[in-house]
Amino acid sequence: MNREKEKVKPYHLLKNTLFFAKLSCVLALLFLLFKSGFPWKVEQLVENLNYYPKVTIYLSILFAIVSLVKFLFSWVDSYLVEKRFNLSSQTFGGWFKDFLKATIVEFLIFLILGEIFYFFLKVTKLWWLLVWIVWFFFTFVLAKISPYLILPLFFKLRKIEEPSLKETINNLAHTFGLKIKDIWEADFSRKTKKANAFVIGLGNSKRIVLADNLLTRYTPQEIEVVCAHEFAHIKNKDTLKSIFLVGGSLLFMFLFLNLILGKVVDSIGLELYHPRLLPLILLFIIILNFIFTPIENFFLRKIEEKADQQTLSVIQSRDSFISCMEKLAKDNLSETNPPKWRKLLFYTHPPINERIERAKSL
């Protein structure tokens, strides 16, 4: 246990350093691409094309360049570092296959949202509001289809059929006033030694997913704690709340982006909708997202706190809750008491120590 604790600080130091290094490199790259005249060189190649095919080429080229930088950092962060700390069970080939699939999905989403963005940018001064409406709607679509189209790309899923576990889960769901058709197990152990559980989807596409690592290494009482927490999220409609939270952030981001771009285009003499501005637009979106992330995280932690409180009121076993939290911290090399700045910037859940202390006080 002490050996695991000794790994936590260097693990997170590496993770945080890589995060800021990647952020700095991507921002610097986007700025240099714009200042170097690269968009003007692309313009010469596509000058005979209509507007929207031209936008598609700009989006595709920029995505490819940024993805090369992301590949280098992802290779170090999610493969080498995870291997170094004995958390990954993937081969490089398996990791690269997942990276490739994720990149293709991201590219398709980037292309769709980018074309929508430029369509409204060209036709109306209220582009920021209309883009927000469509992007917000698209968030609901993604949430709806993720359990069926995206999650199975990365994990093999099977329904949990063990009679005793299924009965325990169904009884627990009944306590929350819920009727759960199926609980799913994902083969996390093929990729990582970490344990996890989550709710994914909306409406009738909603699923509770438990990692196989969780089911094999945790006691029935600890698994009950995890399920109770996820049931609390469903009872409180927390997926919907999270979507509206992100939607609210997006609205303010686009409002500020509109104000910033208005100043920029006045100074450089380009039309707002010109694809040459794409590196600069993406740069400002990344910066604004970074600024709004701590605000989103604050409210997400409040959602998690409420789910913890409901979990404790239902299972009525502080010891099981505490042992579960301690085991999750050990398995995932989690910081139990991170510095405040890291909590603000990175933590969508309360730190483990806070969750344990809150359980002890109830």
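Please read all numbers here as calculations on a predicted model, not as lab measurements. (Residues numbered from 1 in each chain as written. Predicted model: local features only at pLDDT ≥ 70, side-chain atom pairs only at ≥ 80, totals over all residues. Heavy atoms only, no water.)

Novice: Give me the lowdown on the layout of surface pockets, citing residues and values where you can.
Specialist: For the largest pocket, the calculated volume is near 300 Å³. Looking at the largest pocket, it is lined by 15 residues, and the ones nearest its centre are Lys181, Asp182, Asn204, Lys206 and Arg207. Split into classes, the residues belonging to the lining of the largest pocket amount to six nonpolar, three polar and six charged. (1 Å grid on protein atoms, 1.4 Å probe; cavity = no way out; pocket = protein on both sides within 12 Å on 5 of 7 lines; lining within 4 Å. Points joined across faces, edges and corners; volume = space filled by probe spheres on them. Nonpolar A, V, L, I, M, F, W, Y, C, P; charged D, E, K, R; others polar.)

Novice: Got a sec to walk through the pattern of salt bridges? Specific residues and values, please.
Specialist: Counting across every chain of the model gives 19 salt bridges. Put simply, Glu82 and Lys15 hold a salt bridge, and the shortest N to O gap is 2.8 Å. Taken together, the residues Glu82 in helix α3 (residues 51-84) and Lys15 in helix α1 (residues 2-35) connect sequence positions 67 residues apart. The class for Lys15 is buried, based on a relative accessible area of 19%. Its salt-bridge partner being Lys241, residue Asp238 comes within 3.7 Å of it at the nearest N-O pair. Pair noted here: Asp238 and Lys241 are both in helix α9 (residues 238-268), with a separation of three residues, about one helical turn. Among the charged side chains, a network of salt bridges with common partners joins Lys15, Asp77, Glu82 and Lys194. (Salt bridge = Lys/Arg side-chain N within 4 Å of Asp/Glu carboxyl O. Helix = DSSP H or I, 4+ residues; strand = E, 2+ residues; numbered from the N terminus. Buried < 20%, exposed > 50% of the residue type's maximum accessible area, 1.4 Å probe, protein only.)

Novice: Which residues make up the confidence of the model for the protein chain, and what values go with them?
Specialist: Here the protein chain averages 92 in pLDDT, while 99% of its residues score no lower than 70. For the protein chain, helix α2 (residues 38-46) is the element with the lowest average pLDDT, namely 75, and helix α4 (residues 92-123) is the one with the highest, namely 96. (pLDDT = per-residue confidence, 0-100.)

Novice: Could you give me a rundown of the packing of aromatic side chains, with the residues and numbers involved?
Specialist: Applying the stated criterion to the full structure yields 37 aromatic pairs. Between Tyr51 and Tyr273, the ring centres sit 6.0 Å apart and the planes meet at 80°, which makes this aromatic pair edge-to-face. You can see Tyr51 sitting in helix α3 and its partner Tyr273 sitting in the loop between α9 and α10 (278-315), a full 222 residues away along the chain. The class for Tyr51 is buried, based on a relative accessible area of 16%. With 5.4 Å between their ring centres and 70° between their planes, Phe136 and Phe244 make a pair best called edge-to-face. Here Phe136, found in helix α5 (residues 127-154), pairs with Phe244, found in helix α9; they are 108 residues apart in sequence, far enough to count as distant. Residue class for Phe244 comes out partly exposed when judged on its relative accessible area of 47%. Here a set of aromatic residues connected by ring pairs shows up, and it is made of Phe71, Tyr79, Phe92, Trp95, Phe96 and Phe99. For the cation-ring pair, Lys122 lies above Tyr51, with the distance from its terminal atom to the ring centre recorded as 4.6 Å. (Phe/Tyr/Trp six-rings, centres within 6.5 Å; stacked < 30°, edge-to-face > 60°. Lys NZ or Arg CZ within 6 Å of the ring centre and 35° of its normal.)

Novice: Now, about unusual backbone geometry: what can you tell me, with residues and values included?
Specialist: Although it is not a glycine, Lys237 sits at a positive phi angle of roughly 55°. In this structure, Lys237 sits in the loop between α8 (220-235) and α9. You can call Lys237 exposed: its relative accessible area is 55%. A positive phi angle, near 50°, is found at Leu333, a position not held by glycine. Looking at where Leu333 falls in the secondary structure, it is placed in the loop between α11 (318-332) and α12 (340-346).

Novice: Can you lay out the environment of Leu251 for me, pointing to particular residues and giving the numbers?
Specialist: With respect to the helices and strands, Leu251 occurs in helix α9. Of the residues examined, Leu251 reaches a relative accessible area of 26% and is grouped as partly exposed. Each C-alpha atom of the pair Leu251 and Trp95 lies 35 Å from the other, and the pair is 156 residues apart in sequence. Discounting residues that sit within four places of it in the chain, Leu251 has contacts with Trp128, Leu129 and Trp132. (Contact = heavy atoms within 4.5 Å.)

Novice: I'd like a description of the pairing of strand β2 (residues 183-186), backed by residues and values.
Specialist: Of the two faces of β2, the one carrying Ile183 and Glu185 and the one carrying Trp184 and Ala186 are both buried. Across three bridges, strand β1 (residues 157-159) lies against β2 in antiparallel orientation. For Arg158, the partnering residue across the bridge sits in β2 and is Glu185. When β2 meets strand β4 (residues 207-211), the two strands line up parallel, connected through four bridges. By the bridge assignment, Ile183 is partnered in β4 with Ile208. (Pairing = 2+ DSSP bridges.)

Novice: A description of the packing of α4 against α5 should follow, citing residues and the corresponding values.
Specialist: Closest axis-to-axis distance for the α4/α5 pair is 10 Å, and the angle between their directions is 160°. In terms of orientation, α4 lies roughly antiparallel with respect to α5. In this structure, α4 crosses over α5, and the sense of that crossing is right-handed. Seen from α4, the contacting residues are Asp98, Lys101, Ala102, Val105, Ile109, Ile112, Leu113, Ile116, Phe117, Phe120 and Leu121; seen from α5, they are Trp127, Leu130, Val131, Val134, Trp135, Phe138, Leu142, Ile150, Leu153 and Phe154. Residue composition of the contact of α4 with α5, by class: 19 nonpolar, no polar and two charged. (Axes fitted to C-alpha atoms, helices over the stretch in contact; angles between N-to-C directions. Parallel < 35°, antiparallel > 145°, perpendicular 65-115°, else oblique. Left-handed = near helix turned anticlockwise from the far one by under 90°.)

Novice: Which residues make up α11, and what values do they have?
Specialist: The first and last C-alpha atoms of α11 sit 21 Å apart over 15 residues, in line with the 21 Å expected at 1.5 Å per residue. Those residues of α11 that sit buried are Ser320, Phe321, Ile322, Cys324, Met325, Leu328, Ala329, Asp331 and Asn332. Of the residues trailing α11, Leu333 is marked for its positive phi of about 50°. (Expected span 1.5 Å × (residues − 1).)

Novice: Hey, could you go over a nonpolar patch on the surface for me, with residue numbers and the actual values?
Specialist: Residues Trp75, Leu80, Phe92, Phe96, Leu100, Ile104 and Leu108 make up a contiguous nonpolar surface patch of about 600 Å² in total accessible area. Counting only elements with at least two residues in the nonpolar patch, the list comes to α3 and α4. With five residues, the top contributor of residues to the nonpolar patch is α4. (Patch = residues over 30% accessible without salt bridge, like charges linked within 9 Å, V, L, I, M, F, W, Y side chains within 5 Å. Areas by Shrake-Rupley, 256 points an atom, 1.4 Å probe, with all protein chains shown as cover.)

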